[in-house]
Amino acid sequence: MAKETVQSVERAFQVMEILAEAGTAGVREISQEAGLSPTVVHRLLATLAELGYVSQEQDGKYYLTYKILAMGNQVQLHNSVVQRVQPFLESLSEICGETAHFMERVGTNIRYLGKVTPAVNMFATGSYIGMELPLAGTAAGKAILAKLSEEEIAEIWKKSRIVRYTPYTICTKERLFCEIAEIQKTGLAYDKEEREMGLSCVGAAISDYQGVFRYAISISGPTARMQGERLEEIKKNIEEAKKRITAVIGKK
């Protein structure tokens with residue numbers, strides 16, 4: 001009985017993750033994607049709808065409601081690490097005039113925990129709180145990878161879902177290791193239009209209180225502004241923010 005209960009929870013979250021990715025989807029679409037029977041999917045959706053986590057459109061397709069977002073906001077509100085980092089993230093974004101992110105490693109992915117967009121020089125990015133991307137696909141993720149052994153990096157690459165988002169996306173292990181070697185020299189990692197065309201990022205890894213590099217910060221902005229003297233200034237600001245955040249949440 002306990003096993004069936006756990007399986008039901010796993011399936012419910014599987015359905016919710018499919019809806020989060022698709023936006024809207026019907027029973028048959030979810031059934032095919034999840035590898036579950038339409039009857040099971042319909043039963044799960046009915047339960048989630050009754051609880052207020054999904055709703056149904058007139059065409060019969062389902063979508064997630066804002067109840068799941070409200071729950072996610074509470075997680076962020078009560079996360080002490082995010083609370084302590086937030087002031088430094090706001091300051092970094094204001095000084096650089098670009099979007100600042102705070103992330104943590106989750107398995108083979110990087111998860112966005114914080115995002116601050118400046119009032120001026122605003123440039124829309126596709127990131128959002130809770131979003132997960134492969135470690136090798138972001139500046140912050142690569143900064144964390146650079147703190148690991150070659151064996152660990154190779155294992156992560158093997159288990160990662162590699163998607164070519166742009167012509168510049170890293171899609172080979174050899175190229176990744178070449179970049180890792182450069183990151184290890186400077187401590188800073190770069191994303192040069194690898195996730196979004198026209199968008200470049202600079203990231204740095206940050207340790208937790210045990211000395212494990214599980215967090216990272218980054219600055220994202222239009223490629224045209226992330227060059228020359230301005231890029232050098234942004235790099236200095238990231239280094240300073242890294243020191244201050246490490247003093248609060250990490251092992252010095």
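Our subject is the structure that appears above.
Below, the structure is looked at part by part. Source: prediction; values computed, not measured.

Cut-offs and rules
Residues numbered from 1 in each chain as written. Predicted model: local features only at pLDDT ≥ 70, side-chain atom pairs only at ≥ 80, totals over all residues. Heavy atoms only, no water. Helix = DSSP H or I, 4+ residues; strand = E, 2+ residues; numbered from the N terminus. Rg over C-alpha atoms; globule rule 2.2 N^0.38 Å. Buried < 20%, exposed > 50% of the residue type's maximum accessible area, 1.4 Å probe, protein only. Contact = heavy atoms within 4.5 Å. Lys, Arg positive; Asp, Glu negative; His and termini not counted. Charge placed at Lys NZ, Arg CZ, Asp CG, Glu CD. Salt bridge = Lys/Arg side-chain N within 4 Å of Asp/Glu carboxyl O.

From N to C terminus, the protein chain includes nine helices and eight strands. Against the globule reference of 18 Å for 252 residues, the protein chain gives a C-alpha radius of gyration of 20 Å, in line with a compact fold. Across the 252 residues that make up the protein chain, the buried fraction comes to 42%. Long-range contacts, defined as pairs at least 24 residues apart, comprise 56% of the intrachain contacts of the protein chain with a sequence gap of at least 6. Considering the protein chain, the positive charge centre built from 31 side chains and the negative charge centre built from 31 side chains are found 3 Å apart.

Let us look at the pattern of salt bridges. Applying the stated criterion across every chain, the model contains twelve salt bridges. A salt bridge links Lys-61 to Glu-29; the nearest nitrogen and oxygen atoms lie 3.6 Å apart. Of this pair, Lys-61 sits in the loop between β1 (54–56) and β2 (62–64) while Glu-29 sits in helix α2 (residues 27–34), and the two are 32 residues apart along the sequence. Judged by relative accessible area, which is 28%, Lys-61 ranks as partly exposed. Residues Glu-132 and Arg-111 are paired through a salt bridge, measuring 2.7 Å at the closest nitrogen-oxygen approach. Of this pair, Glu-132 sits in strand β5 (residues 132–134) while Arg-111 sits in strand β4 (residues 109–116), placing them 21 residues apart in sequence. On the accessibility criterion, Glu-132 (33% relative accessible area) is partly exposed. We classify Arg-111 as partly exposed; its relative accessible area is 27%. Residues joined by salt bridges that share partners form a network here, namely Lys-142, Arg-175, Glu-179 and Glu-194.

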